[in-house]
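Now for the letters of each chain:
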Amino acid sequence: METTAASRRWCGARDPVAFSRWVADRAAGVGPHLAPVIRVGRCPQGHLAAEVLHPATRSLEDTLDVLGVPTEGVAVTLTVPLLELAARARSGAVELGVVALGAVGVDETGAILVADRPPGAVDVCADGPPAAPGAESAAEPGPSARAQAGPSARAQAGPSARAQAGSSTREQAGPSAHAGAGLPHPRDLDGARQLVTAARMVWDRVDSRSEARRTLDPALDAARDGDADTVAGALDLVVGAAPPRPVRWSTPGPTFPDEEPAGTGAPAHDQIGPDGVVGMLIRAVLDVLERGVPAGHRRRVPVRHVVVGAVVTGGLVTAATHLR
């Protein structure tokens, strides 16, 4: 878990219009699950700039590694905010940028936080004189200029000049040309699609024998490229799958006294004393309350079923005793 928050500064040098929409949308406040904008200004080159706060979080992938096999309730807690944001983005209610896999995090309270890359943004420009108007567009001719110069330039150049230019271009491009060929598909830059993919990744970690996964897995797959209604339908199925449960960062205690806790080395000093024993008992009780009473190697019985069975059994025993 990152213990300190950080911030990142962006400016809209690549696409000022798209970046302006994102800043206006984010500065107005869009809920607790998106990284907030804390300052807005101008970079040294004169572009609109914004500073975005990145609170201390653990990436979603690391969170799932810590949790191991999350319960359905924990999966609901993690995926409902992701699908809500995806549905709002598909309907146009939220301006969402590119969401990388590491941009989805979970804070110390177990809440989802998404730090998307603003559309049309680059890292804030360095100090220097303001760029001249049209300087960016002057570096490369526009479509109309290329269309006018194209036929005459090709006619004057001839085959030999084009061959030399082609070979020199390939030599200069080198690895960068191959790197460009490996760019992700445009749909992989769709923030809403990446949020649905993150939700699908969470449910992939849930026990495959879960009844909820039979309906949720196809619904989430369809929601990746679906419209707002499709994403909203998947959200309704997730909400109805199970009651939400909190994300607990504590590592469960060992099954046997001489067994080391999962994912750790030798027991720490505070785990040997009374506090460690009390903590282990508390975790065991919470595990039973949340996941049920172990019955066999892989099966668990809900606590309410055990209580009802005990009450019924006690009543039958009492009745049989009085009949004698």
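The following refers to the structure shown. Treat the numbers as computed from the prediction; the structure is a model and nothing was measured. (Residues numbered from 1 in each chain as written. Predicted model: local features only at pLDDT ≥ 70, side-chain atom pairs only at ≥ 80, totals over all residues. Heavy atoms only, no water.)

## Focus: the environment of Thr197
Thought 1: When you line up the elements, Thr197 lands in helix α7 (residues 191-205).
Thought 2: Since its relative accessible area comes to 24%, Thr197 is described here as partly exposed.
Thought 3: Along the primary structure Thr197 and Leu220 are separated by 23 residues, whereas in three dimensions their C-alpha atoms are 7.9 Å apart. (Helix = DSSP H or I, 4+ residues; strand = E, 2+ residues; numbered from the N terminus. Buried < 20%, exposed > 50% of the residue type's maximum accessible area, 1.4 Å probe, protein only.)

## Points about the packing of helix α8 (residues 211-224) against helix α9 (residues 228-239)
Helices that pack against each other are described as a pair by the angle of their axes relative to one another and the distance between those axes.
Thought 1: Running from amino to carboxyl end, α8 crosses α9 at an angle of 155 degrees, the nearest separation of the two axes being 9 Å. If you check the angle between α8 and α9, you find them roughly antiparallel. Judged by the twist between their axes, the crossing of α8 over α9 is left-handed. Residues Thr215, Leu216, Ala219, Leu220, Ala222 and Ala223 of α8 touch α9, and the partners they reach there are Thr230, Val231, Ala234, Leu237 and Val238.
Thought 2: A per-class count over the contact of α8 with α9 returns nine nonpolar, two polar and no charged. (Axes fitted to C-alpha atoms, helices over the stretch in contact; angles between N-to-C directions. Parallel < 35°, antiparallel > 145°, perpendicular 65-115°, else oblique. Left-handed = near helix turned anticlockwise from the far one by under 90°. Contact = heavy atoms within 4.5 Å. Nonpolar A, V, L, I, M, F, W, Y, C, P; charged D, E, K, R; others polar.)

## Considering the sheet that holds strand β2 (residues 37-42)
Think of a sheet as strands paired side by side through backbone hydrogen bonds, with each pair either parallel or antiparallel.
Thought 1: The four strands lie next to each other as β2-β3-β1-β7, forming an open sheet whose pairing is antiparallel. For this open sheet the edge positions go to β2 and β7 (122-123), each flanked by a neighbour on one side alone.
Thought 2: With five bridges connecting them, β2 and strand β3 (residues 48-54) associate as antiparallel partners. Within β3, the position partnered with Arg39 by the bridge is Glu51.
Thought 3: Packing against the sheet, helix α1 (residues 16-27) makes contact with β1 (6-11), β2 and β3, and its axis sits at approximately 45 degrees to β3. (Pairing = 2+ DSSP bridges.)

## Quick look at α9
Thought 1: With twelve residues, α9 extends 16 Å from end C-alpha to end C-alpha; this agrees with the ideal 16 Å at 1.5 Å per step.
Thought 2: For α9, the set of buried residues is Ala228, Val231, Ala234, Leu235 and Val238. In a view along the axis of α9, the buried residues occupy a sector of 125 degrees, so they form one face of it. Set apart from the buried face of α9 by more than 90 degrees, the exposed residues are Asp229 and Asp236.
Thought 3: If you follow the buried residues of α9, they end up packed against α3 (72-91), α7 and α8. (Expected span 1.5 Å × (residues − 1). Arc of directions from axis to C-beta.)

## A word on the packing of α7 against α8
Thought 1: Look at α7 against α8: their axes get within 9 Å of each other, and the N-to-C directions meet at 160 degrees. Judged by the angle between their axes, α7 and α8 are roughly antiparallel. As α7 packs across α8, the resulting crossing turns out to be left-handed. Across from Arg193, Val196, Thr197, Ala199, Arg200, Trp203 and Asp204 in α7, the residues of α8 making contact are Ala212, Arg213, Leu216, Asp217, Leu220, Asp221, Ala223 and Arg224.
Thought 2: Across the contact of α7 with α8, the residue classes break down as seven nonpolar, one polar and seven charged.

## Overview of the sheet that holds strand β5 (residues 104-106)
Thought 1: Here three strands make up an open sheet; going across it, the order is β4-β5-β6 and the pairing antiparallel. Whereas interior strands pair on both sides, the edge strands pair on one side only; in this sheet they are β4 (58-59) and β6 (112-114).
Thought 2: In this structure, β5 lies alongside β6, joined through three bridges in antiparallel fashion. If you follow Val106 over to β6, its bridge partner there is Ile112.

## Examining the pattern of salt bridges
Thought 1: Scanning the model with the defined rule gives 15 salt bridges in all.
Thought 2: With a closest N to O distance of 2.7 Å, Glu51 and Arg39 form a salt bridge. Residue Glu51 is located in strand β3, and its partner Arg39 is located in strand β2; the two are separated by twelve residues in the primary sequence.
Thought 3: Overall, the relative accessible area of 10% leaves Glu51 in the buried class.
Thought 4: Looking at Arg39, the relative accessible area reads 47%, which means it is partly exposed. (Salt bridge = Lys/Arg side-chain N within 4 Å of Asp/Glu carboxyl O.)

## Considerations on α1
Thought 1: Here α1 is twelve residues long and its end C-alpha atoms lie 16 Å apart, about the 16 Å a rise of 1.5 Å per residue gives.
Thought 2: Of all the positions in α1, only Ala18, Phe19, Trp22, Val23, Asp25 and Arg26 are classed as buried. Looking straight down α1, one finds that the buried residues subtend no more than 165 degrees of arc, so they occupy a single side. Projecting away from the buried face of α1 at angles above 90 degrees are the exposed residues Val17 and Ala24.
Thought 3: In the core, the buried residues of α1 are packed alongside β1, β2 and β3.

## So, the nonpolar core
Thought 1: With 44 residues, the main nonpolar core has Leu60, Leu82, Val114, Leu195 and Trp203 as its most contacted residues.
Thought 2: A per-element tally of this core places α3 first, with eleven residues.
Thought 3: Once residues lying within four places of it in the same chain are set aside, the contact partners of Val114 are His33, Leu34, Ala35, Leu82, Leu85, Val99, Ala103, Val104 and Leu195.
Thought 4: Among the nonpolar cores identified, the runner-up in size contains ten residues, and Trp22, Val23, Ala35 and Ala121 belong to it. (Core = buried A, V, L, I, M, F, W, Y, C linked by side-chain atoms within 4.5 Å.)

Without other data, these values stay purely geometric and don't point to any function.
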